[in-house]
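Observations on the model geometry
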Amino acid sequence: MKFFDKTEWSLLYALPVLIILLFALPTWLVNYVQVSMGMGLVALAVMIQMRAGLVSFGQGLYFCIGGYTAGMASKFWNISDIFVILVIAIVVTVAVSGILGFLLRRYREIFFAMLTLAVSMILFALLSSSHELGSTDGFNLPQASYLGWHPEGETGSTVLFILTAILTLACAILINRFLRGPIGKIIEAIRENELRVEYLGASAHVSVHVLYMIAATISAIGGVLWSMALGHVTPEMANWTTSGQFVFIVILAGTGNVFAPLVGTLILEVLRVYAVEISPNTWQMILGIVMLLTIVFLPKGLWSLFERFVKRLSSKEPAA
Amino acid sequence: MTTTVAIILDGFGFAAWLFLSSVGLTLIYGVMRILNISHGGFYALGAYSAAWAVGLYTQTGNTIALTYLIIPLAAIIVGTLTGLLVERGLLRFMYGHEEVLMVLVTYAVFLILEDATKLIWGTESYVAYQPAYWLGTIDVAGIPYTIYKFLIIGIALAVGAGLYWGLNRTRAGKLLLVVIHDREVSAALGINVTLFFTVTFVIGTTLGALGGALTAPEISVVPGIGAEVIVMAFAVIVIGGMGSVGGAMIGAVIVGFARALSVHLYPPIEMFSIYLVMAMVLAIKPYGLFALAEGRKI
Amino acid sequence: MSVILETKGLEKTFDAVVAAHNINISIDAAEVIGVIGSNGAGKTTFVNMVTGYLTPSSGEILFQGKDIAGLPTREITQMGICRSFQIPQLFPELTVLDNLLIALTIANRGRKGWLTPAVDEALTDKAMQILARFKIEEHADKLITTLAQGVRKLVDIAMATVPEPSLLFLDEPTSGVSAEEKMSFMATLIDALQATDTAVLFIEHDMELIEAFAPRCIAFYEGTILADGDTAGVLDDAKVREFVIGSEFHRKATPDVADIREQAKG
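Each residue is numbered by its place in its chain's sequence as written, counting from 1. Whichever chain is written first is A, and whichever ligand is written first is 1; the rest continue in order. Selection of residues for local features in this predicted model requires a pLDDT of at least 70, selection of side-chain atom pairs for listing and counting requires 80 or more, and totals for whole chains, interfaces and linings are taken over all residues. Note that the side-chain values use all heavy atoms of the structure and ignore hydrogens as well as water.

1. Quick notes on the overall build of chain C
How we decide: Strands here mean DSSP runs of E at least two residues long; helices mean DSSP runs of H or I at least four residues long; both are numbered from the N terminus. The size measure is the radius of gyration over C-alpha atoms, and the globule rule it meets is 2.2 Å times the number of residues to the 0.38 power. Per-residue accessibility, obtained with a 1.4 Å probe over protein chains only, is compared with the maximum for each type, and a residue is labelled buried under 20%, exposed over 50%, and partly exposed between these values. Contact criterion: two residues are considered in contact whenever any of their non-hydrogen atoms come within 4.5 Å of each other. Charge counting follows a simple rule: Lys and Arg are positive, Asp and Glu are negative, and His as well as the terminal groups are ignored. By convention, the point assigned to a charge is CZ for Arg, NZ for Lys, CD for Glu and CG for Asp.
A count of helices and strands for chain C gives ten helices and ten strands. Taken over C-alpha atoms, the radius of gyration comes to 19 Å for chain C, in line with the 18 Å a tight globule of 266 residues would show. By the burial criterion, 52% of the 266 residues in chain C qualify as buried. Of the contacts made within chain C by residues no fewer than 6 positions apart, 67% connect residues no fewer than 24 positions apart. Within chain C, one finds 23 positive and 38 negative side-chain charges whose respective centroids are separated by 4 Å.

Shown next, in the form of structure tokens:
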């Protein structure tokens, strides 16, 4: 048996492509690619939960925990080493999601949506009223360092971009493996019929708990990478409207493949730049309308369209 | 002593606002099983239209007294029309889908309403303090308290009583309980389920708009108030038990007092306290205090 | 024969309603038992209690000597008690094969790491073998939602056998199966199950099927056991005739099961 499947090979090939883009594209566009990777991990986290039928309207919680861990580590302890920050962020996230998981794993459907939202709003409220952390304005982050190496300016952003790309793709590969693995199968079954899952001898609660913690962890990694790239964090990261955008990306892109939310985020980010410039007060309205159209006409998202397209290509090949 | 009185007054004040802002949400969920995120959008629409109408009216220099009619009227017009538009134009085509999908649909509606509000009224803030100011204040145990707040408490009680009466004492209300219990059977009995859905949705959205409209004189109306209120409303109806009007009232009182207590005793945890009581309630009763019963599946 | 399941004084009340009262049943290994009783007699309540879906109000459920009353369903499944459902409980948006693969994945749980692909050739082969045992391998790639009720019933039962139970409850296995096909359906089923030495308790409204396939029969009435013993005796019991079967049913000579089995195989 081959070690990597098609998706995983594509993710591996994506790394050199991203590095070429880094040097080929104009800086402002590279910035969007970089920012989209961080956000894409959060969208991926929303996507894997949606595989279990769980809609998280509070994934921003862990996005924000990642960002603020990076910020607070540098602000209070003078740590700017991205590897140390990642480790701290993951430890904090595993602890928080491990505890919250005991509460949330009991809930499904709208209750899960509502409670994840409420929980992330707690953090939003706490950060918004914390003067030491800049209240609603947040605060700035220093440039990242790497095991004692402090690259400045252009080199710094190049290194961060490459590290972001490596981590994002590595997370995507691991998530793809996880989805193909036993728990990945069980969560799919939970979406379909939880009663039967229990009657087959598996604990739906434990599987959801594990899923929730994994989703939290990659969201936090995304949060660290995103805020390091941007150099700034605000409580908005935990606001439910931010989480709503991740839900939007997954609805639009579909849950068929780990690539879908990553690419979906990038497309959305680039579109947003233009849309907000042309007409700042209709961006959300466009999102809403696109979301309704997707739900009605393309319930499995854009990825299903892409899949059908690929299928048609490959079915034509032998004939040609 | 003064702190205690202040906590009690503010507790009921917050509770009245919370009840008015969330009862429409729980009503729609109870009848239609739709968790209506766009409720926040209706709240904002109500607040903007009331603030805008009051602003226009006060420029004419006539008596402020009439604004107490203008506020509910603005809410009723905008809540009913927009509610009808959303239900007839969109939601009715989506009935029968999973509850979670309906959440996403109403989220999309929320996004659309947010921008629609911005397109109509712009992004600057609206202030319509006159109705709150005009009634003056009274002293309660040495604390000046605006009479407008008492008015809102009165309206909240009236809305609660009205809904109770409507649901339990009228023919339509009793039929509605049948619809809630079993849609298919009620359709087979010749009850016009579609009509009940439309009317319920419109009443729910109008209540949401009313909540916003009545709050408008006390705040400055700015973009984003809809997104804020929906979170509070969730907390209230989760505590009370989704779909229960009585539960929403109890939930509003609990959240209102939690907030009043923290505001007066330890302000930094004001927002935190709301979620704290919610977490405590859910730890004991996972589906809220007055949750609707679920039937046996096998 | 050794006793694998024994219930003692099992009770279940919902508020004022008594759903099960003083249920004492003992089941031997590899036994086949038919359960009869009108709707609401407490048959499914009994199954729900033994499999952990409901917690008994009082009484004991001893499975291989251990009291399992009130344990969660998954633990009872892991110990070796499984069930099928009156309304098939499947993963409707997936194919028949995927349904079986998930069942096998869960049964294999713990033997593979989280990041190891759950499905491989060996597992797929195993799933196809199970489908073949129930004669539904031709439906492997169809979505559950596209299947006829009878096939769904078989998939549901096939899923219940995946954890390799030593005791299996079948809740009205032939409901939704057409009258002509019921006999051959049951023959396929009982043959597939007896190959594994599983004790089977099936709830059934068709007395002919009870006679044909169950050497022992238990009759439920208003939450209690009206009669329990060899099938012929129970079906002839005066009380059972009055309260459960109705007097119109006349016992025929036992149908020739061997014949039916031959037909089913053909």
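Still more ground to cover, so stick around.
2. Comments concerning the overall build of chain A
For clarity, the cut-off: Where accessible areas are quoted, they stem from the Shrake-Rupley method and a 1.4 Å probe; at the residue level, only the protein chains shown are allowed to cover.
A count of helices and strands for chain A gives 13 helices and two strands. Against the globule reference of 20 Å for 320 residues, chain A gives a C-alpha radius of gyration of 20 Å, in line with a compact fold. C-alpha atoms of chain A, sized along the principal axes, occupy 55 × 50 × 45 Å. Taken over 320 residues, chain A has a buried fraction of 62%. If you sum the accessible surface of chain A, you get close to 13000 Å²; carbon and sulfur atoms cover 69% of it.

3. Focus on the nonpolar core
Rules: Only buried residues count toward a nonpolar core, which is a set of Ala, Val, Leu, Ile, Met, Phe, Trp, Tyr and Cys residues joined through side-chain atoms within 4.5 Å. All the domain ranges listed were derived from an automatic or database domain assignment.
In this structure, Phe 57, Ile 82 and Trp 240 of chain A together with Ile 36 and Val 155 of chain C are the most contacted members of the largest nonpolar core, which totals 272 residues. Formed jointly, this core draws a minimum of three residues from each of two domains, domain 1 (3-80 + 165-265) and domain 2 (90-163) of chain C. Aside from chain neighbours lying at most four places away, what touches Ile 36 of chain C is Lys 43, Glu 204, Met 207, Ile 210, Cys 217, Ile 218, Ala 219, Phe 220, Leu 235, Val 240, Val 244 and Ile 245 of chain C. Ranked by size, the runner-up nonpolar core spans 27 residues in total, among them Leu 5, Ile 27, Ile 33 and Met 49 of chain C.

4. Remarks on the packing of helix H1 (residues 2-32) of chain B against helix H10 (residues 225-240) of chain B
Residues and elements named next belong to chain B. Filter applied, for reference: Comment: axis = line fitted to C-alpha atoms, over the contacting stretch for helices; angle = value between 0 and 180 degrees taken between N-to-C directions. Put simply, angles under 35 degrees are roughly parallel, angles over 145 are roughly antiparallel, angles from 65 to 115 are roughly perpendicular, and the rest are oblique. Put simply, Ala, Val, Leu, Ile, Met, Phe, Trp, Tyr, Cys and Pro go in the nonpolar bin, Asp, Glu, Lys and Arg in the charged bin, and everything else, Gly too, in the polar bin.
Interaxial distance between H1 and H10 falls to 9 Å at its minimum, and their mutual angle equals 80°. Judged on the interaxial angle alone, H10 and H1 are roughly perpendicular. On H10, the residues touching Trp 17, Leu 18, Ser 21, Ser 22, Leu 25 and Thr 26 of H1 are Val 229, Ile 230, Met 232, Ala 233, Phe 234, Val 236 and Ile 237. Partitioning the contact of H1 with H10 into residue classes produces ten nonpolar, three polar and no charged.

5. A few points about the interface of chain A and chain B
So the rule is basically this: Accessible area, probed at 1.4 Å, shrinks when two parts are joined; the buried area is that loss added up over both. The salt bridge definition used is simple: a Lys or Arg side-chain nitrogen within 4 Å of an Asp or Glu carboxyl oxygen. The definition of a polar contact used here is a pair of N or O atoms within 3.5 Å, where within protein one atom must be able to donate a hydrogen and the other to accept one, and adjacent residues in sequence count solely through side-chain atom pairs.
At the interface, 37 residues of chain A touch 38 residues of chain B. Of all residues in chain A, Ile 110, Trp 240 and Gln 284 of chain A bury the most surface against chain B, accounting for 18% of the area lost on that side. Inspection of the region where chain A meets chain B yields zero salt bridges. Where chain A touches chain B, the interface holds seven residue pairs in polar contact (both at pLDDT 80 or more). Broken down by element, the side of chain A that touches chain B gets its largest block of residues, eleven residues, from helix H5 (residues 109-128) of chain A. Residues of the side of chain A that touches chain B, tallied by class, amount to 26 nonpolar, nine polar and two charged.

6. As for the interface of chain A and chain C
Contacts between chain A and chain C engage 26 residues on the former and 33 residues on the latter. The three residues of chain A that bury the most area against chain C are Arg 196, Tyr 199 and Leu 200 of chain A, which together make up 31% of that side's buried surface. Counting every contact that joins chain A to chain C gives two salt bridges. Linking chain A to chain C there are eleven residue pairs in polar contact (both at pLDDT 80 or more). Broken down by secondary-structure element, the contributors of at least two residues to the side of chain A that touches chain C are helix H6 (153-180), helix H7 (182-192), helix H8 (194-199) and helix H9 (204-230) of chain A. Considering every element that reaches the side of chain A that touches chain C, the biggest residue donor is H7 of chain A, with eight residues. For the side of chain A that touches chain C, the class distribution of residues is 14 nonpolar, four polar and eight charged.

7. Observations regarding the side chain of Thr 198 of chain B
All names here are of chain B. Structurally, Thr 198 is set in helix H9 (residues 193-215). A polar contact is formed between the side chain of Thr 198 and the side chain of Glu 87, at a distance of 3.1 Å. In contact with Thr 198, other than residues within four places in its own chain, are Leu 84, Glu 87 and Arg 88.

8. Re the confidence of the model for chain A
As a reminder of what qualifies: The pLDDT value tells you how sure the predictor is about a given residue, anywhere from 0 up to 100.
Mean pLDDT for chain A: 89, with 98% of residues reaching 70 or above. The weakest mean pLDDT in chain A belongs to helix H13 (residues 301-316) of chain A at 83; the strongest belongs to H9 of chain A at 94.

9. Re the environment of Ile 88 of chain A
Residue and element names in this part refer to chain A. The residue Ile 88 is located in helix H4 (residues 82-104) in this model. Along the primary structure Ile 88 and Val 310 are separated by 222 residues, whereas in three dimensions their C-alpha atoms are 42 Å apart. In this structure, Ile 88 is in contact with Thr 69 and Ile 79, ignoring residues within four places of it in sequence.

10. A short note on a nonpolar patch on the surface
Note the cut-off: Candidates for patches are residues over 30% relative accessible area with no salt bridge; among them, like charges are joined within 9 Å and nonpolar side chains (Val, Leu, Ile, Met, Phe, Trp, Tyr) within 5 Å.
A cluster of nonpolar side chains, contributed by Ile 289, Leu 293, Val 296 and Phe 297 of chain A, occupies part of the molecular surface with about 400 Å² of accessible area. Examined against the element boundaries, Val 296 of chain A turns out to sit in helix H12 (residues 283-297).

11. Some thoughts on the packing of aromatic side chains
The relation between two aromatic rings is expressed through the spacing of the ring centres and the mutual angle of the planes. Note the cut-off: A pair of aromatic rings is counted whenever rings of Phe, Tyr or Trp (Trp by its six-membered ring) have centres within 6.5 Å, and the orientation is called stacked for planes under 30 degrees apart, edge-to-face for over 60 and tilted otherwise.
Enumeration according to the criterion identifies 28 aromatic pairs over all chains in this entry. Consider the rings of Phe 57 of chain A and Trp 240 of chain A, whose centres lie 6.4 Å apart with planes at 65°: the pair is edge-to-face. Of this pair, Phe 57 of chain A sits in the loop between helix H2 (27-51) and helix H3 (60-77) while Trp 240 of chain A sits in helix H10 (residues 240-253); the two residues are 183 residues apart in sequence, bridging distant segments of the chain. The residues Phe 57 of chain A and Trp 240 of chain A share a single accessibility class, namely buried. Ring geometry for Tyr 48 of chain B against Trp 121 of chain B: centres 5.6 Å apart, planes inclined by 15°, an arrangement best described as stacked. Here Trp 121 of chain B lies in helix H4 (residues 99-121) and Tyr 48 of chain B lies in helix H2 (residues 39-59), a separation of 73 residues in the sequence.

12. Description of helix H5 (residues 149-161) of chain C
Going by this rule: An expected span of 1.5 Å times one less than the residue number is assigned to each helix.
Look at H5 of chain C: 19 Å from first C-alpha to last across 13 residues, which is about the 18 Å you get at 1.5 Å a residue. Counting buried positions along H5 of chain C yields eleven of 13 residues, so the element is predominantly enclosed. For H5 of chain C, the set of buried residues is Gly 150, Val 151, Lys 153, Leu 154, Val 155, Asp 156, Ile 157, Ala 158, Met 159, Ala 160 and Thr 161 of chain C. On the buried face of H5 of chain C, the contacting elements are H8 of chain A together with strand E6 (81-83), helix H3 (96-107), helix H4 (121-133), strand E7 (167-171) and helix H6 (182-194) of chain C.

13. Focus on the side chain of Asn 36 of chain B
All names here are of chain B. Within the secondary structure, Asn 36 sits in the loop between H1 and H2. According to the relative accessible area criterion, Asn 36 is buried, its value standing at 0%. A polar contact is formed between the side chain of Asn 36 and the side chain of Ser 38, at a distance of 2.4 Å. Among residues more than four places away in sequence, those in contact with Asn 36 are Leu 25, Ile 28, Thr 106, Phe 201, Thr 205 and Ile 230.

14. Some thoughts on the sheet that holds strand E10 (residues 224-230) of chain C
Residue and element names in this part refer to chain C. The condition is simple: A pair of strands is considered paired only if DSSP assigns at least 2 bridges between the two.
Read from one edge of the open sheet, six strands run E6-E7-E8-E3-E9-E10, paired in mixed fashion. A strand with exactly one partner marks an edge of an open sheet, and here the two such strands are E6 and E10. Across this sheet, the average inter-strand angle for adjacent strands is 15°, counted without regard to direction. Note: strand E9 (residues 216-221) against E10, six bridges, orientation antiparallel. By the bridge assignment, Ile 218 is partnered in E10 with Asp 228. Sheet strands touched by H6: strand E3 (32-36), E7 and strand E8 (199-203). Its angle to E7, the strand with the most contacts, is close to 165°.

15. Re the pairing of E3 of chain C
Residues and elements named next belong to chain C. Across the five residues of E3, five count as buried, placing the element largely inside the fold. Neither face of E3 is open: one carries Val 32, Gly 34 and Ile 36, the other Ile 33 and Val 35, and all of them are buried. As paired elements, E3 and E8 share four bridges and run parallel to each other. Within the sheet, the bridge partner assigned to Val 32 lies in E8 and is Val 200. Taken together, the four bridges between E3 and E9 define a ladder with parallel strand orientation. Following the sheet pairing, Val 35 is matched in E9 by Ile 218.

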